[in-house]
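# Understanding the architecture of this molecule
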Amino acid sequence: MNAVLPPAVDVRGRVLIWLTGGFITCLLIANLTGSKFFFLDLFTLPNDFQFVHHSVGMISFPVVFLLTDLVNEYYGAKETRRMTWLAAGMSLLASGIVMLARLIPVDANSPVSQPAFEEVFGQSNRLLLASLTAFLLGQFCDIWVFGKLKRATHGRMVWLRATGSTVISQSLDSFIVTLVLFWGAVRPEDGAVWTLPQILAIGATGYVLKFLLAIGLTPLIYFGRWFVRVRFGLVPLPPN
């Protein structure tokens, strides 16, 4: 008797696997590289409103925005929330594995010394807490706003729900991650505690960067929809 084979994953399932895989990868990279902060002087701004004290983990956020909107568009809010929880769980798993790697004794001939390894991967629990808290709240806000705008426009005006949901949700993300990370912490350059105006200024500049990214990503949303439709024949879900 021939064995009964499990049903093959259909096209919608395969596309979702790829979208979810890219989404999780972006979050893992953001958390692993998040301990490096960058400085950008793109505009002539006051010293208290420069692009400083922001994590290079922000590099992957444009892809996160794009994938969130595509999954929301083609699979709905429930599947997008499931993807978000899965990414958060994998991030915690990765952090646990990194912590175990830090605890294992280093070999004398290791090409990377223990201090160097700690300097790169020894980011604080506070940074992880700030990142995941802001990520979850920002994502759930994005999913909710996306659905509201899609229903309000009867499925039209893709740019409005894609850009609008990101612009609103990232205001929440930017200020939460900054408050959790810097509240009560001391500045390494002078040992003084961060003040609330300084924290809010960092959150504001972070939001400006994400706002510009959201606007710049709008054409990619249309390209992503076109690619998924032409290459895989998927149709967006109707407003519900």
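Position numbers for residues start from 1 in each chain and track the written sequence from start to end. The predicted nature of this model means local features are confined to residues of pLDDT at least 70 and side-chain atom pairs, given and counted, to a pLDDT of 80 or more, with totals for whole chains, interfaces and linings taken over all residues. No hydrogens and no water enter the side-chain calculation; it runs on all heavy atoms of the structure.

## Comments concerning the confidence of the model for the protein
Per-residue confidence for the protein averages 84 on the pLDDT scale, and 91% of its residues sit at or above 70. The predictor rates its confidence in each residue with pLDDT, a number between 0 and 100. In DSSP terms, a helix is any run of H or I states spanning at least four residues, a strand is any run of E spanning at least two, and both are numbered starting from the N terminus. No element of the protein has a lower mean pLDDT than strand β2 (residues 51-55), which averages 72, and none a higher one than helix α2 (residues 61-103), which averages 92.

## With respect to the packing of aromatic side chains
Each aromatic ring pair is summarised here by two numbers: the centre-to-centre distance and the angle between the ring planes. Here is the rule: rings of Phe, Tyr and Trp (six-membered ring for Trp) pair when centre to centre is within 6.5 Å. Planes less than 30 degrees apart are stacked, more than 60 are edge-to-face, and the remainder are tilted. For the structure on display, the rule yields 10 aromatic pairs. A ring pair is formed by Trp85 and Phe140, whose centres lie 5.3 Å apart and whose planes are at 50°; its orientation type is tilted. Here the residue Trp85 occupies a position in helix α2, and Phe140 occupies one in helix α4 (residues 125-152), the gap between them amounting to 55 residues. Each residue's exposure class comes from its accessible area (1.4 Å probe, protein chains only) as a fraction of the maximum for that residue type: buried when under 20%, exposed when over 50%, partly exposed otherwise. Overall, the relative accessible area of 51% leaves Trp85 in the exposed class. Residue classification places Phe140 among the partly exposed residues on the basis of a relative accessible area of 23%. Consider the rings of Phe117 and Phe121, whose centres lie 4.8 Å apart with planes at 40°: the pair is tilted. With Phe117 and Phe121 both in helix α3 (residues 114-121) and 4 residues apart, this pair spans about one turn of that helix.

## With respect to the environment of Ile29
Here Ile29 is to be found in helix α1 (residues 11-32). Among the residues examined, Ile29 registers a relative accessible area of 43% and is labelled partly exposed. Separated by 201 residues in sequence, Ile29 and Val230 place their C-alpha atoms 30 Å apart.

## What about the nonpolar core?
Core analysis: the biggest nonpolar cluster contains 26 residues, and Leu19, Phe23 and Tyr75 have the highest contact counts within it. Elements with a contribution of two residues or more to this core: α1, α2, α4, α5 (158-182) and α6 (196-232). Sorting elements by how many residues they give to this core places α2 first, with 10 residues. Contact between two residues is taken to exist if any of their heavy atoms lie within 4.5 Å; hydrogens are not considered. Those residues in contact with Leu19, other than ones at most four positions away along the chain, are Leu67, Leu70, Val71, Tyr75 and Met83. Side-chain atoms within 4.5 Å link the members of a nonpolar core, which is a set of buried Ala, Val, Leu, Ile, Met, Phe, Trp, Tyr and Cys residues.

## With respect to the packing of α2 against α4
Remark: α2 packs on α4, axes separated minimally by 10 Å, with the N-to-C direction vectors making an angle of 170°. Relative to α4, the element α2 lies roughly antiparallel. Helix axes are fitted to C-alpha atoms over the stretch in contact, other axes to C-alpha atoms as well, and angles between N-to-C directions run from 0 to 180 degrees. Roughly parallel means an angle under 35 degrees; roughly antiparallel, over 145; roughly perpendicular, 65 to 115; everything else is oblique.

## Some thoughts on the environment of Ala185
In this fold, Ala185 is placed in the loop between α5 and α6. Taking the C-alpha atoms as reference points, Ala185 and Met58, 127 residues apart in sequence, are found 21 Å from one another. Apart from residues lying up to four places away in sequence, Ala185 is in contact with Arg126, Ala192, Val193 and Trp194.

## Here we look at the packing of α2 against α5
Remark: α2 packs on α5, axes separated minimally by 11 Å, with the N-to-C direction vectors making an angle of 125°. Considering their axes alone, α2 and α5 lie oblique with respect to each other. In this structure, the crossing between α2 and α5 has a hand that is right-handed. Contacts between α2 and α5 involve Phe61, Phe65, Asp69 and Glu73 on the former and, on the latter, Arg161, Ala162, Ser165, Thr166, Gln170 and Asp173. Less than a right angle of anticlockwise turn of the near helix away from the far helix marks a crossing as left-handed, whereas a clockwise turn marks it as right-handed.

## Describing the pattern of salt bridges
Each salt bridge in this description consists of a side-chain nitrogen of Lys or Arg and a carboxyl oxygen of Asp or Glu lying within 4 Å of one another. Applying the stated criterion across every chain yields a total of 6 salt bridges. The partner of Arg161 in a salt bridge is Glu73, with the nearest N and O atoms 2.7 Å apart. With Arg161 in helix α5 and Glu73 in helix α2, the pair connects residues that are 88 residues apart, well separated along the chain. In terms of burial, Arg161 and Glu73 fall into one category: buried. With its nearest N and O atoms 2.7 Å apart, the salt bridge here joins Arg82 to Glu79. Linking Arg82 with Glu79, this pair stays in helix α2, spanning 3 residues, or about one helical turn.

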